[in-house]
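# Residue-level structural notes
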There are 2 protein chains.
Amino acid sequence: MDNIEHYMNEVGQRARQASRAMAKADSAAKNLALSLIAAAIRRDADILRAANQQDLDAARANGLTEAMLDRLTLSDKAIATMAEGLEQIVSLSDPIGEISNMKYRPTGIQVGQMRVPLGVIGIIYEARPNVTVDAAGLCIKSGNATILRGGSEAINCNQALARLVKQGLAEAGLPEDAVQVVETTDRAAVGALITMTEYVDVIVPRGGKGLIERLIKEAKVPMIKHLDGICHVYIDDKADSRKALDVAFNAKCHRYGTCNTMETLLVARAVAPQILPPLAELYRVKEVELRCDEESHAILADYPQLAVATEEDWSTEYLAPILAVKVVADVDEAIEHINRYSSQHTDSIITEDYTRAMRFLREVDSASVMVNASTRFADGFEYGLGAEIGISNDKLHARGPVGLEGLTSLKYVVLGQGQVRQ
Amino acid sequence: MDNIEHYMNEVGQRARQASRAMAKADSAAKNLALSLIAAAIRRDADILRAANQQDLDAARANGLTEAMLDRLTLSDKAIATMAEGLEQIVSLSDPIGEISNMKYRPTGIQVGQMRVPLGVIGIIYEARPNVTVDAAGLCIKSGNATILRGGSEAINCNQALARLVKQGLAEAGLPEDAVQVVETTDRAAVGALITMTEYVDVIVPRGGKGLIERLIKEAKVPMIKHLDGICHVYIDDKADSRKALDVAFNAKCHRYGTCNTMETLLVARAVAPQILPPLAELYRVKEVELRCDEESHAILADYPQLAVATEEDWSTEYLAPILAVKVVADVDEAIEHINRYSSQHTDSIITEDYTRAMRFLREVDSASVMVNASTRFADGFEYGLGAEIGISNDKLHARGPVGLEGLTSLKYVVLGQGQVRQ
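Because the structure is a prediction, the values reported are computed rather than measured.

Think of a sheet as strands paired side by side through backbone hydrogen bonds, with each pair either parallel or antiparallel. Residues and elements named next belong to chain B. Read across the open sheet, the four strands follow the order β5-β4-β3-β6; overall the sheet is parallel. With partners counted over all chains shown, the strands left at the sheet margins are β5 (179–181) and β6 (202–206), one partner each. Within this sheet the neighbouring strands show an average axis-to-axis angle of 20 degrees, counted without direction. Sheet analysis places strand β4 (residues 145–149) next to β5, joined by three bridges and oriented parallel. What sits directly across from Leu-148, in β5, is Val-181. Together, β3 (120–125) and β5 form the strand contacts of helix α7 (residues 155–171), whose direction differs from that of β5 by roughly 160 degrees.

As structure tokens, this is what we get:
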């Protein structure tokens, strides 16, 4: 491709054009497209696997790690899950066009708000073909056009999926350009995508911290982004110890690589000697390394994988069987620590004390605040959003798990009978 | 001031610190502060006028235009209006802490959303002292800390107002740093404010297009902004002609310099020969210049201030007694024209046809879409928001007039009884 900027400009223009038709598409057409794409994915599983095999061969030749190859691989199960995911999106109610809060004003006009698509959504992600279909599905249902830029290693598979998506859109009478997969692996395409403010309304990056940090620096288009997840559990001295053990174990050990995994455990001084040893027994089985402040280090002196926490540990997202542990005086110190070091993703208090629970909910400034529940619940499906395009650490627009509604906006509608301003 | 960056950094740190206390402040304390400030403004009217006089003397010496001097002047009426504005904000219900949509999930956890402040809001505005008080009031009520950077010509008056605001906050037991007026007129302070992502959560610029364009280029902090208002009225061939004349006259002539003023009039071909001549009679009295496309030009050939519209006219915000006029085939062409040239601010259709009205509402992609109402209604007070920090042309977060709710965000709250993820 000779001129990336020119190409991306055309992609952007087509997306903007398609977004107009998508915004007024009715629910039946959007659901039909999603169902047709799901059926096509099942029907053409062999074609998709063949395209994926090309990607895998190239990736292996380029020396990708096993972990990356694993994420790139389109298994039978992954293909079935993609199709099911689309059918789940069909079952969600259409958010577009809903009118709320319609009220008469003293002037006689009625004022309310209508939910509308954002327009054109750019999605930048790593070499995971399933994101192509998930993201396309959510954007179609929410009446948006989308420009997808997946990791270059998945280019063949993504192109094969894009063909099925375009067929489904066309058969349902919707514009093919409503979903475009960028056809070049040139990195300049990303640079163009995140700066085309005239054609792209929002960027949703899905990927590691390195990608997001680069995008933050260069983007001119607003982003719904998630940088990192430094999540806390605070065990209060009024905690039920059974709940404390269950939640603190689950929040760390259910999965290590997820953004809603606990990375720092805070324990109230009054109960630290009682709660830390039995909790450490649970972590020991999973070979979790504990990086402790002085006080917790003294309590857990016999723990096999023990280290002294440094200042850096309080702001590290391990994504691994490692946990920072700190003893705090009370809920005040816990809230202060969290508001200082948390990535404002998800933080949970374990307590039976009503006032402290309410204070934690109100005063911890994170996208999800919890009482007596595992941070692992911070997830679009668990919250009942039906599907999730990502998790937002931002405060503007959408905070926490972002579902269909996060891909929409509210405009004002005014109904009059010829009223004029006095 | 030697080191602007260092100074702004300190302002930012203090604001972030104050935002924690403001986020948990109860409604009574916030309302008390607002009432105390209102009383102090009335009490110290002489002091405020004296400070304003200093600004006016300096401005006159610097050769400011009469229009700018006018906006800078703090009249008795303006002082009373500022105090009343604060009292109106007292009467609005507190948006913070409201919990909505609390629902049980199959896992047994309850998930809902709590309305919380955005944190620290930077407001950049021109030499209008009343904005200092309006903005401070809205930020206090919504539990935010704010950094105010007003036009340098108003520095003395703004500092005098800032002292009253800080006294009110302190007397109500709230942190003085919740409202800080930048103490330097150095332009570098703006550059710092719009890039301090660690201390500032959102920038609300209130000013002319030049200011906003500069900020867009340089800002790293997200903005709630309003660039321009190219608003349309479309007179359909099924319009009631009385309503058409009333609205098309009011939308243009009620005030010329406001962003919700109509700048382009579209008229359906079938009724153009009937509706344009009587409408032009109304405009003639106000000496409105009409810039017409070929068809409307032929119809209005006798109009005294007639010009031929150029392509540029369709995307010009005149803010003056000038109106672009175009004949279109039907509602389809009207929607197409609007979605192409509108600044997505406010657009209105005049029609008695139900289907066309519904289509216009759904398909015009603007912050406010209206049927049979003057575009001049696009305003926080007219919409019932009680107060307005500005009007947003953006699609993310807040669209249209932005009231207290636009200065807040929703976080997720999860209530459990020890649940863990399976």
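Read on, since the account is not over.
Here we come to the interface of chain B and chain A. With 70 residues of chain B at the interface, the matching set in chain A holds 70 residues. Buried area between chain B and chain A, both sides added, is near 6,000 Å², and the carbon and sulfur share of it is 53%. Three residues stand out in chain B for area buried against chain A, namely B:Arg362, B:Tyr412 and B:Arg421, and they jointly supply 15% of the buried area on that side. Where chain B meets chain A, there are 10 salt bridges. In this structure, A:Arg421 engages B:Glu382 in a salt bridge whose closest nitrogen and oxygen atoms are separated by 3.0 Å. Our count for the chain B to chain A interface comes out at 50 residue pairs in polar contact (both at pLDDT 80 or more).

Right, let's talk about the pattern of salt bridges for a bit. This structure, assessed with the given rule, holds 64 salt bridges over all chains. B:Asp94 is paired through a salt bridge with B:Lys30; the nearest N and O atoms lie 2.9 Å apart. Taken together, the residues span a long stretch of sequence, with B:Asp94 in the loop between α5 (76–91) and β1 (99–104) and B:Lys30 in helix α2 (residues 27–43) at a distance of 64 residues. Among the charged side chains, a network of salt bridges with common partners joins A:Arg16, A:Arg20, A:Asp201, B:Asp365, B:Lys395 and B:Arg399.

The next point concerns the packing of helix α2 (residues 27–43) of chain A against helix α5 (residues 76–91) of chain A. In a packed pair of helices, the relevant descriptors are the angle between the two axes and the axis-to-axis distance. Residue and element names in this part refer to chain A. Contact pair α2 / α5: the axes reach a minimum separation of 9 Å and the direction vectors enclose 165 degrees. In this view, α2 runs roughly antiparallel relative to α5, as classed from their interaxial angle. Here the hand of the crossing between α2 and α5 comes out left-handed. Judged by residue contacts, Asn-31, Leu-34, Ser-35, Ile-37, Ala-38, Ile-41 and Arg-42 of α2 engage Ile-79, Met-82, Ala-83, Glu-84, Leu-86, Glu-87, Ile-89 and Val-90 from α5. Of the residues belonging to the contact of α2 with α5, the class tally is 10 nonpolar, two polar and three charged.

In this section: the packing of helix α6 (residues 129–141) of chain A against helix α7 (residues 155–171) of chain A. Residues and elements named next belong to chain A. At a closest axis distance of 9 Å, the pairing of α6 and α7 adopts a crossing angle of 25 degrees. Taken together, the axis directions place α6 and α7 in an arrangement best described as roughly parallel. Helix-helix and strand crossings are classified by hand; for α6 and α7 the assignment is right-handed. Of the residues in α7, those touching α6 at Pro-129, Thr-132, Val-133 and Ile-140 are Cys-157, Asn-158, Leu-161, Val-165 and Leu-169. Class assignment of the residues belonging to the contact of α6 with α7 gives a composition of seven nonpolar, two polar and no charged.

Next up on the list: the side chain of B:Asp228. All names here are of chain B. Secondary-structure assignment places Asp-228 in the loop between α9 (209–218) and β7 (231–235). The class for Asp-228 is buried, based on a relative accessible area of 9%. A polar contact of 2.8 Å, which involves the side chain of Asp-228, links it to the side chain of Lys-209. Asp-228 has contacts with Lys-209, Glu-317, Ser-343, His-345 and Asn-393, leaving out every residue within four places of it along the chain.

The next point concerns the pairing of strand β1 (residues 99–104) of chain A. The buried count for β1(A) comes to zero of six residues, which makes it a mostly uncovered element. Connecting β1(A) to the antiparallel partner strand β2 (residues 110–117) of chain A that follows it, the hairpin turn spans five residues, and A:Gly108 within it adopts a positive phi of roughly 100 degrees.

Spatial strand order, β1(A)-β2(A)-β16(A)-β13(B)-β12(B)-β7(B)-β8(B)-β11(B)-β9(B)-β10(B): 10 strands in an open sheet with mixed pairing. On the outer flanks of this sheet lie β1 of chain A together with β10 (306–308) of chain B, each paired with one strand and no other. Neighbouring strand axes in the sheet, compared pairwise and without regard to direction, differ in orientation by 25 degrees on average. Summarising the sheet, β7(B) and strand β12 (residues 346–350) of chain B pair through four bridges and their orientation is parallel.

For helix α13 (residues 331–341) of chain A, the set of buried residues is A:Val331, A:Ala334, A:Ile335, A:His337, A:Ile338, A:Asn339 and A:Tyr341. The residue sitting at the N-terminus of α13(A) and contributing the capping side-chain oxygen is A:Asp330; that oxygen lies 3.2 Å from the backbone nitrogen of A:Asp332.

What follows concerns the relation of the copies chain B and chain A. In the superposition of chain B on chain A (RMSD 0.0 Å, axial shift 0.0 Å), the rotation amounts to 180 degrees. In short, the pair behaves as if placed about a two-fold rotation axis. By C-alpha distance to the rotation axis, the residue of chain B lying nearest is B:His397, at 1.9 Å. Of the residues that chain B buries at the interface, 100% are likewise interface residues in chain A, meaning the two copies contact each other through the same surface.

With that settled, consider the UniProt feature "domain: Aldehyde dehydrogenase" (unreviewed entry) in chain A. Residue and element names in this part refer to chain A. Per the UniProt annotation, the sites labelled "domain: Aldehyde dehydrogenase" (unreviewed entry) are residues 11–284 and 314–378. End C-alpha atoms of residues 11–284 are separated by 53 Å, and the span's content is 52% helix alongside 16% strand. Split by type, residues 314–378 is 32% helix and 28% strand. Its first and last C-alpha atoms lie 21 Å apart.

For the rest of this paragraph, the subject is the nonpolar core. Ranked by internal contacts, the top residues of the largest apolar core, which has 78 residues, are A:Met8, A:Ile41, A:Ile123, A:Ile147 and A:Val200. If we skip the residues at most four places from it in the chain, A:Ile123 touches A:Ala135, A:Cys139, A:Thr146, A:Ile147, A:Leu148, A:Arg149, A:Val204 and A:Ile389. Ranked by size, the runner-up nonpolar core spans 77 residues in total, among them B:Val11, B:Ala18, B:Met22 and B:Ala29.

Cut-offs applied
Residues numbered from 1 in each chain as written. Chains lettered and ligands numbered in written order. Predicted model: local features only at pLDDT ≥ 70, side-chain atom pairs only at ≥ 80, totals over all residues. Heavy atoms only, no water. Pairing = 2+ DSSP bridges. Helix = DSSP H or I, 4+ residues; strand = E, 2+ residues; numbered from the N terminus. Axes fitted to C-alpha atoms, helices over the stretch in contact; angles between N-to-C directions. Contact = heavy atoms within 4.5 Å. Buried area = accessible area lost by both parts, 1.4 Å probe. Salt bridge = Lys/Arg side-chain N within 4 Å of Asp/Glu carboxyl O. Polar contact = N/O pair within 3.5 Å; in protein donor to acceptor, adjacent residues only side chain to side chain. Parallel < 35°, antiparallel > 145°, perpendicular 65-115°, else oblique. Left-handed = near helix turned anticlockwise from the far one by under 90°. Nonpolar A, V, L, I, M, F, W, Y, C, P; charged D, E, K, R; others polar. Buried < 20%, exposed > 50% of the residue type's maximum accessible area, 1.4 Å probe, protein only. Least-squares fit on C-alpha atoms with pLDDT ≥ 70 in both. UniProt positions renumbered as here; feature names shortened; annotations may be inferred. Core = buried A, V, L, I, M, F, W, Y, C linked by side-chain atoms within 4.5 Å.

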